[in-house]
Structures are given as structure tokens and as C-alpha cells.
Amino acid sequence: MTGIEQRRIVRTEIPGPLSRERHARRQREVPAGFGITLPIFVERAGGGIVVDVDGNHLVDLGCGIAVTSVGASDPRVVERVREQAGLFTHTCFMVTEYDGFVDVAAALNRLTPGDHEKRTALFSTGAEAVENAVKISRAYTGRPAVVVFDHAYHGRTSLTMAMTAKQMPYKHTFGPFSPEIHRVPTADPFRGPYADAEEAFARFADVLRTQIGVDRVAAVVAEPIAGEGGFVVPALGFLPRVAEFCRENGIVFVADEVQTGLARTGTMFAVEHEGIVPDVVCTAKALGGGLPLSAVTGRAEIMDSVHVGGLGGTYAGNPIACAAALGALETIERDNLAARAAEIGARVLPRLHELAELPAVGDVRGRGAMLALEFVEAGGTTPAPAMAAAVARYCHEHGVLVLTCGTYSNVIRLLPPLVIDFTLLDDAVDVLVEAVHKVAA
Ligand SMILES: *Cc1c(COP(=O)(O)O)cnc(C)c1O
């Protein structure tokens, strides 16, 4: 992390004058459609700190949306990227081959749940991985339909936008949407309508049997914890029942672990919390250590069902991104970041639970280093998005970078780098706790 002082330092207003100047320029050059959480311009980042152009050191509790789990300048990533960039930047894996691609595939075949024979295909983005998981599932089953859940987020491309639940901002004005995407409720313990795993599963099975046709379903695609949708942790037992139903009915069970995967929730993959062995696992975000890399890992017979030439992409599994991934995976495994994520959860969750006594905090949830606070109108479940925004703003102004999320935009989510220094983490949580007390009062 190239010697960045791991301490929160607020030198100016945030955003400071230099960031504000640059942001004004951005607005003249970049379309307004790109949203912004905090308009500061970054000079350096590493460990648990983001340094902006005004010299402020912000504590990073967002990881560029769950990407930089190993920090934004992990020495193992940086070293391998430097070396690979000097050798060659690109060949296109469909034209000529290189070891990095196969090394990443082998690592994911080894690390993903289940000891069956697997294959891994690499791509660049999470959405691309999900799209390919759907293509592969359709090729394997010869069926058209795809089942997704309430609160789901699977990406912004045409197909994955249809799979994503939330209208604003992801789908608004962008239709028409891809056909044969069917949405079912999840088991949402806080909001329902099916809080209970058995009831939610009964509804799931009923919709597939009576509305879609079980033998028309190629894949059920599920996030083990709904990410953008609000860190909704399904009631225990729901996803194992869904996976079992898929197995009984020849449906490919796809775990979208783009946000939850690779140590984030305290295990290498979030489905491991319930002993689920998915047929196909999608990874991205933390995989590339900050470079764009995604993967679809699945049972060999499923993955190999696609005709030769059916999978690929110009940049799929770019060699520099693969080098970065090998560095990131080395850090995740050698430094046991899954255990570190569990420690982060054990350290932070009790402090969040104290906040749950405030009437404005409707729910506290998450696993490992994927934690959330949901804000509501006092005592009930009516979403309070302005409150989440105010808490985020207070944190930002005090040098703590937090993100919001949720179907109702009323959730503060924490995704700290798994390598974050604990003193720094405690300091950032102090600021968050202070923010919640101020705003909720
Ligand atoms: C971020 C995300 C995606 C999309 O990934 P991109 O790299 O932004 O295309 C898909 N699924 C989940 C669960 C995600 O969190």
C-alpha cells in the first residue's frame, strides 16, 4: 500500500476546493447519467485509506463497491501487474493462449464449493459473467426461462437489467426488457412478504409450477445476500431449499457471488454458510484486485455443453487482469482474509446492534465484512431514505467513505477492505455511530 498513513485526516471541507474544481470540469466532460456517491478526486489509495487531491485521508468502508478487498494497492497485485504489463498487455485468449487465464481458472475451480469436476470461463465484468451463466444454462438445458428474486441486482446490460429488480435508476426509460425473466419473492425476514424460509419456498415452488412451468426453467439465479438490493440476508434454509428444488427438477442453480464472493462474508463463498453447492458460481468484483475480471465457474458437464466458439469476448480474461487476480487470490488465501472478514463482523456488528435500539434503525444485518443498517420512520418499516442519505453525508464530511443501497435507498452498507487496520476501522465506526445518533435524534 505504498506507505499511505493509515489514519483518518480531515484537512479541508469534504469535498475540498481542489476536488470541487475538478468535479466542475467533469460535469462539462462526462454525461450526467453517471451518478456519484462522493465527488472527491482520488490521488492514492491503499489499506483502509483513500487520499484525495486536497490531502484528506478518508477511511474506506466501500471498497469501490466490494472490489478492493485486498486494498487498492496490494503489493502482490501491483507487482504482478507491473511484471505482466511489461511482458504483453493482450493477445485475446480466443486467438493465442497464456498461463494466467488457466491459472485463474484452476484457482476458482479449486476454491468454489464442491469437489466435482469444474470448468471456469473468464470475462471482464460481473454483468458479463451473469449473462454468460444464463447463456450456458440455456444451452445445457434447452430451456428458455430464468428465475430471479425480489431485490436482485445482476447488472446494467440489457439482459442483466431485466434480471435486476430496481426500476430507478437501473431500468428507468431503458426498456423494452428481455423476455423470459421471471421474478419471485425472496425470504426477507425484515420486510416480507414471506419472512419465513418455508413460506417463501412454498411461494417460489408454486410460481414455478403454476405460472412458469418447471420444465421451462433453465436457471434460478440468486445472490446469497442481495447486494445493491439492501444486503437482504434470506431467512436461513430458504436458499438450500431452492437449490434442492433445482437439483430435483433439472434446473441450473446459479449463485451470483459477484459481491459476496471471495472471503467477503467470512467464508470464501457466501453459499458456504448454508452448505450449498451451486451448479454455477459467478464471481467478479474482488476477483481482479481492482482490475476488471469476472468468471463463471460450473460443473464440467454444464460448462462444456456450449458449442466451440460460443463463449468468449475480445478482452475476456485479459492477461493483466489475470495477473492482478492471481495476486489478489494469493493475498486472500495466504493472509486468510475470510477469517479476517469474520473478525470484522464480530467487531462491528455488536456496535451496530446497539444502534438498533434507536426507533429510526429498523434493522441491522449482514455477515462478515458485509454489514448494513436499514433506516425507517420511527418504529415501523416505512423506508427513510433521507435519513440514510444524511448519515452518509455526515460520514463523508468527517472522512469516512460509506455507501448507501437498497430497493428503497434507505440502507447504509459497510464493505471495508478485509485488510483494514482495526484501529482505523474502530475510528470509522465511531464516526458512523455518531452520525446515526445525530441524524436519528
Ligand atoms: C456488481 C454486481 C453485478 C454486476 O457487476 P458489474 O461488474 O458492475 O457488471 C452483478 N451481480 C452482483 C451481485 C453485483 O453486486
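All of these numbers come straight from a predicted model, not from anything done at the bench.

About the cut-offs
- Residues numbered from 1 in each chain as written.
- Predicted model: local features only at pLDDT ≥ 70, side-chain atom pairs only at ≥ 80, totals over all residues.
- Heavy atoms only, no water.
- Phe/Tyr/Trp six-rings, centres within 6.5 Å; stacked < 30°, edge-to-face > 60°.
- Helix = DSSP H or I, 4+ residues; strand = E, 2+ residues; numbered from the N terminus.
- Buried < 20%, exposed > 50% of the residue type's maximum accessible area, 1.4 Å probe, protein only.
- Domains from an automatic or database assignment.
- Contact = heavy atoms within 4.5 Å.
- Buried area = accessible area lost by both parts, 1.4 Å probe.
- Salt bridge = Lys/Arg side-chain N within 4 Å of Asp/Glu carboxyl O.
- Polar contact = N/O pair within 3.5 Å; in protein donor to acceptor, adjacent residues only side chain to side chain.
- Axes fitted to C-alpha atoms, helices over the stretch in contact; angles between N-to-C directions.
- Parallel < 35°, antiparallel > 145°, perpendicular 65-115°, else oblique.
- Left-handed = near helix turned anticlockwise from the far one by under 90°.
- Nonpolar A, V, L, I, M, F, W, Y, C, P; charged D, E, K, R; others polar.
- Expected span 1.5 Å × (residues − 1).
- Arc of directions from axis to C-beta.
- Near = heavy atom within 4 Å.
- Areas by Shrake-Rupley, 256 points an atom, 1.4 Å probe, with all protein chains shown as cover.
- Pairing = 2+ DSSP bridges.
- Right-handed = clockwise from strand over helix to strand, strands pointing away.

Q: What's the story with the packing of aromatic side chains in this structure? I'm lost.
A: Two measures describe an aromatic ring pair: the distance that separates the ring centres and the angle between the ring planes. Throughout the structure, instances matching the rule amount to ten aromatic pairs. With a centroid separation of 6.1 Å and 15 degrees between ring planes, the pair formed by F149 and F204 is classed as stacked. Placement of the pair is F149 in strand β5 (residues 145-149) and F204 in helix α7 (residues 197-212), with a sequence separation of 55 residues. For the pair shown, F149 and F204 are each scored as buried. A centroid spacing of 5.4 Å and a plane angle of 80 degrees characterise the contact between F204 and F245, whose relative ring orientation is edge-to-face. Residue F204 is located in helix α7, and its partner F245 is located in helix α8 (residues 238-248); the two are separated by 41 residues in the primary sequence. Since its relative accessible area comes to 0%, F204 is described here as buried.

Q: Would you take a moment to explain the domain arrangement of the chain for this structure?
A: How big an interface is tends to be stated in terms of accessible area lost as the parts join. Split into domains, the chain comes out as domain 1 (17-60 + 336-440) and domain 2 (76-334). When each unit is reduced to the centre of its C-alpha atoms, the spacing between domain 1 and domain 2 is 26 Å. Taken together, the 33 residues of domain 1 in the interface contact 29 residues of domain 2. A combined buried area of about 2400 Å² lies between domain 1 and domain 2, and 59% of that area is made up of carbon and sulfur atoms. When residues of domain 1 are sorted by the area they lose upon contact with domain 2, R367, M370 and T407 head the list and together hold 33% of the total. For the interface between domain 1 and domain 2, the tally reads two salt bridges. With a shortest N-O distance of 2.9 Å, R413 and E228 are connected by a salt bridge. The interface formed by domain 1 and domain 2 contains 17 residue pairs in polar contact (both at pLDDT 80 or more).

Q: I keep staring at the packing of helix α11 (residues 337-355) against helix α13 (residues 422-440) and nothing clicks. Help me out?
A: Put simply, α11 and α13 touch, their axes get as near as 11 Å, and they point 25 degrees apart. Taken together, the axes of α11 and α13 lie roughly parallel to each other. Every pair of crossing elements has a handedness; the one defined by α11 and α13 is right-handed. For the pair α11 and α13, the contacting residues are R340, E343, I344, R347, V348, R351, L352 and L355 in the first and F422, L425, D426, V429, D430, L432, V433, V436 and H437 in the second. For the contact of α11 with α13, the per-class residue count stands at ten nonpolar, one polar and six charged.

Q: What am I meant to see in α7 here?
A: Since one α-helical turn is 3.6 residues long, residues separated by three or four positions face the same way. In this model, α7 (16 residues) spans 21 Å end to end at C-alpha, consistent with the 22 Å of a helix rising 1.5 Å per residue. Taken together, the buried positions of α7 are A197, A200, F201, F204, A205, V207, L208 and I212. On an axial view of α7, the arc spanned by its buried residues comes to 155 degrees, and they lie on one face. The outward face of α7, more than 90 degrees from its buried face, is lined by the exposed residues R209, T210 and Q211. Capping of α7 at its N-terminal end is provided by D196; its side-chain oxygen lies 3.1 Å from the backbone amide nitrogen of E198.

Q: Before we go on, may I ask you to explain the site of the ligand in this structure?
A: In the vicinity of the ligand, the contacting residues are T125, G126, A127, Y153, H154, G155, E223, D256, V258, Q259 and K285. Y153 is positioned such that a nitrogen or oxygen atom in its backbone is 3.4 Å from a nitrogen atom of the ligand. Measuring from an oxygen atom of the ligand, one finds a side-chain N or O atom of Q259 at 2.9 Å. Compared with its free state, where it exposes 390 Å², the ligand has 82% of that area covered by protein. Residues belonging to the shell around the ligand are distributed by class as follows: three nonpolar, five polar and three charged.

Q: Can you walk me through the pairing of strand β7 (residues 217-222) in this structure?
A: Across a regular strand the side chains alternate sides, sitting on one face of the sheet and then on the other. Burial within β7 is extensive, with six of its six residues counted as buried. As defined by bridge partners, β5 adjoins β7 across three bridges and the pair is classed as parallel. Looking at the pairing, V147 lines up with V220 of β7. Relative to strand β8 (residues 252-256), β7 is paired through four bridges, and the arrangement is parallel. Bridging across to β8, A219 finds its partner in V252. Viewed along the sheet, the connection from β7 through α8 into β8 turns out right-handed.

Q: Got a minute to help me understand the environment of G362 in this structure?
A: Its location among the elements puts G362 in strand β11 (residues 361-367). Overall, the relative accessible area of 26% leaves G362 in the partly exposed class. Discounting chain neighbours no more than four positions away, the residues touching G362 are F190, E374 and V376.

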